[in-house]
Amino acid sequence: MSSNNIQDVLQTGFRVSLGATTSLIESLQDQQKREENLSLLNLDFNQQVAELSKKGEKTEQEAQRLIEQIFNQMNQPTESATPSTPSESGSTPSTGTTSRSTQQELEELTVQIALIRTELEQMRNPD
């Protein structure tokens, strides 16, 4: 067997198991999905594997998108906190368009982000 063939088999196996797990969870949560998944048992074994692999691939893609969104959200506060540092030193933009409560909320959020960042750094380096 070539390494590509082994990789394909492992990937298909992963996706089939992911699809089967997804089908099981759907079956437990939704009566209609339970009936659809039970009808899948009437198919040929190769068709079952293909269907579960498709479902697993879809679930895998959804999980990747979710993880990307989480990482993007984690990176956004870091980027938005950087420009606020100079504003604390006195070079604030005109607050005529920004209400005082909004400015105060932004400052509170900046402090919270700084605290979270400190906590994360402490968790990474428990010296």
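Scoring rules and cut-offs
Residues numbered from 1 in each chain as written. Predicted model: local features only at pLDDT ≥ 70, side-chain atom pairs only at ≥ 80, totals over all residues. Heavy atoms only, no water. Helix = DSSP H or I, 4+ residues; strand = E, 2+ residues; numbered from the N terminus. Buried < 20%, exposed > 50% of the residue type's maximum accessible area, 1.4 Å probe, protein only. Contact = heavy atoms within 4.5 Å. Salt bridge = Lys/Arg side-chain N within 4 Å of Asp/Glu carboxyl O. pLDDT = per-residue confidence, 0-100. Patch = residues over 30% accessible without salt bridge, like charges linked within 9 Å, V, L, I, M, F, W, Y side chains within 5 Å. Areas by Shrake-Rupley, 256 points an atom, 1.4 Å probe, with all protein chains shown as cover.

1. A short note on the overall build of the protein chain
Phase 1 of the analysis: Regarding its fold elements, the protein chain presents four helices and zero strands.
Phase 2 of the analysis: Across the protein chain, helices and strands are ordered from the amino to the carboxyl terminus as α-α-α-α.
Phase 3 of the analysis: Counting across all 127 residues of the protein chain, residues that qualify as buried make up 15%.
Phase 4 of the analysis: For the protein chain, the share of sequence-separated contacts (at least 6 apart) that also reach a separation of at least 24 residues comes to 60%.

2. Considering the pattern of salt bridges
Phase 1 of the analysis: Enumeration according to the criterion identifies four salt bridges in this entry.
Phase 2 of the analysis: A salt bridge links Glu-26 to Lys-55, with the shortest nitrogen-to-oxygen separation between them at 2.9 Å. Of this pair, Glu-26 sits in helix 1 (residues 3-29) while Lys-55 sits in helix 3 (residues 45-88), and the two are 29 residues apart along the sequence.
Phase 3 of the analysis: Overall, Lys-55 belongs to the partly exposed group, its relative accessible area being 22%.
Phase 4 of the analysis: Through salt bridges with shared partners, a single network forms among Arg-15, Glu-57 and Glu-60.

3. Digging into the side chain of Asn-37
Phase 1 of the analysis: Topologically, Asn-37 is positioned in helix 2 (residues 31-40).
Phase 2 of the analysis: Those residues in contact with Asn-37 that lie beyond four places of it in its chain are Ser-23, Glu-26, Ser-27 and Lys-55.

4. Notes on the confidence of the model for the protein chain
Phase 1 of the analysis: Overall, the prediction assigns the protein chain a mean pLDDT of 77, with 78% of residues at 70 or greater.
Phase 2 of the analysis: Looking across the protein chain, the model is least confident in helix 3, with a mean pLDDT of 76, and most confident in helix 1, with 86.
Phase 3 of the analysis: Confidence drops under a pLDDT of 50 for residues 79-95, and excluding neighbours within four residues, the segment shows seven contacts in the predicted structure.

5. Some thoughts on a nonpolar patch on the surface
Phase 1 of the analysis: Together, Leu-66, Ile-67, Ile-70, Phe-71 and Met-74 give the surface a local cluster of nonpolar side chains, amounting to about 480 Å² of exposed area.
Phase 2 of the analysis: Here Leu-66 falls in the partly exposed class, since its relative accessible area comes to 47%.

6. Regarding the environment of Lys-54
Phase 1 of the analysis: As for its placement among the helices and strands, Lys-54 is situated in helix 3.
Phase 2 of the analysis: Along the chain, Lys-54 and Thr-12 lie 42 residues apart, while their C-alpha atoms are 9.3 Å from each other.

7. Looking at the side chain of Ser-23
Phase 1 of the analysis: As for its placement among the helices and strands, Ser-23 is situated in helix 1.
Phase 2 of the analysis: Once residues lying within four places of it in the same chain are set aside, the contact partners of Ser-23 are Asn-37, Leu-52 and Lys-55.

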